[in-house]
Amino acid sequence: MSTYAHLIDDLQAEQAALDDVVAAFGDTEWNRLTPADGWTSRHQIAHLAFFDAAAEMSLTDPEAFAEQRHRADQDPDAYSIAVLEPLLELSSAQLLETWRQGRRSLLHAFRSATPGARHPWYGPSMSLASMVTARLMETWAHGQDIADTVGVVRPVTSRLEHIARIACLALPFSFVNRGVPVPATGVRVSLSVAPDRTWEFGDEHLEDSVSGPIEDFCLVLTRRRHVADTALVTTGPIARAWMTLGQAYAGPPGHGRTPGQFVEQTPQTGTEQSTRV
């Protein structure tokens, strides 16, 4: 239970970090286009607000969520646009407060839920831990679009380890989602989190590998950077393919970013302490 509580605390911290970025926004910042095609910062926060509410509904009213998912299944693209419209009609202050209230309610629902239960989502059902991690990943990824838009450089935190883990677990999905055969073997991942610590995933004897800063890895697998604009080092054809088509989130293949769209990230170093999962 303590590990689960810590995960919720990390989600809360990630939400608060994004709030710190947008809290002082005026209409100019709210309405500025982000790197996501056609989306402003208002769209980014509206998206988070809606799916935070959807996650809470999944936990507390699964029948109502099933009706909502049925609507989504009929026309996913139209649904994703329609659900944002009421939120985008709010003033900037109202949208911000709606997001704040919704995430407080979601955190309470997470803390009140049974850790071992599974809950419905838009794809397969999810464990509670996976659902919390997915909300953390989305908050960080959409927050990156906003940070890139206003030139904010966010600190690297240990919260990225949750995102890296869910990204590694999603490797088979990434290939299936693109209609590409799933590789017979996996990829070893070794990521620098701090000057004296690395995070690792996968069998150390695997021939294919990815190494480099954990932030770059998370940026690539949330489709917020092209691998060419990072300090990641790939070895083997499976690793190279994964870094091109991979994504850590459900849904249709994301467009991602183009090579050269962002300034190359500065590599982090250090591998003295290792955390293997």
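Refer to the structure above for everything that follows.
Just so you know, these numbers come straight off a predicted model, no measurement behind them. (Residues numbered from 1 in each chain as written. Predicted model: local features only at pLDDT ≥ 70, side-chain atom pairs only at ≥ 80, totals over all residues. Heavy atoms only, no water.)

Participant: Mind showing me how you'd approach the environment of Arg165 here?
Facilitator: By secondary structure assignment, the location of Arg165 is in helix H9 (residues 160–169). Once the C-alpha coordinates of Arg165 and Gly151 are considered, the two residues, 14 residues apart in sequence, prove to be 27 Å apart. (Helix = DSSP H or I, 4+ residues; strand = E, 2+ residues; numbered from the N terminus.)

Participant: Which parts of the structure should I look at to understand unusual backbone geometry?
Facilitator: A negative phi holds for most residues other than glycine; trans holds for most peptide bonds. In the Ramachandran plot, Arg223 falls in the positive-phi region, its phi being about 65 degrees despite a non-glycine side chain. Here Arg223 shows up in the loop between helix H11 (214–221) and strand S6 (233–235). The buried category is assigned to Arg223, whose relative accessible area is 10%. (Buried < 20%, exposed > 50% of the residue type's maximum accessible area, 1.4 Å probe, protein only.)

Participant: What is the right way to read the pairing of strand S3 (residues 188–194) from this model?
Facilitator: With respect to burial, S3 is a largely interior element, 5 of its 7 residues being buried. Pairing between S3 and strand S5 (residues 209–213): 5 bridges, direction parallel. By the bridge assignment, Ser190 is partnered in S5 with Ser211. Sheet analysis places S3 next to strand S4 (residues 197–201), joined by 5 bridges and oriented antiparallel. (Pairing = 2+ DSSP bridges.)

Participant: What am I meant to see in the side chain of His43 here?
Facilitator: Following the sequence through the fold, His43 ends up in helix H3 (residues 41–60). One polar contact links His43 to Thr40, side chain to side chain, over a distance of 2.9 Å. Once you skip the residues sitting within four places of it in the chain, His43 turns out to touch Gly38, Leu84 and Leu88. (Polar contact = N/O pair within 3.5 Å; in protein donor to acceptor, adjacent residues only side chain to side chain. Contact = heavy atoms within 4.5 Å.)

Participant: I would appreciate a short explanation of the pairing of S5 in the present structure.
Facilitator: The side chains of a regular strand alternate, residue by residue, between the two faces of the sheet. Where burial is concerned, most of S5 is hidden: 4 out of the 5 residues are buried. By the bridge criterion, 3 bridges tie S5 to S6 in an arrangement that is antiparallel. What sits directly across from Ser211, in S6, is Val233.

Participant: Please explain the packing of aromatic side chains as it appears in this structure.
Facilitator: The way to describe two aromatic rings as a pair is by their centre distance and the angle between their planes. Under the defined criterion, the tally for this structure stands at 11 aromatic pairs. Through a chain of ring-to-ring contacts, three or more aromatic side chains come together here, namely Phe50, Phe51, Phe65, Tyr79, Trp121 and Tyr122. The side chain of Arg103 reaches across the aromatic face of Trp99, ending 4.3 Å from its centre. Here the guanidinium or amino end of Arg225 rests over the ring plane of Phe262, the centre of that ring lying 3.7 Å away. (Phe/Tyr/Trp six-rings, centres within 6.5 Å; stacked < 30°, edge-to-face > 60°. Lys NZ or Arg CZ within 6 Å of the ring centre and 35° of its normal.)

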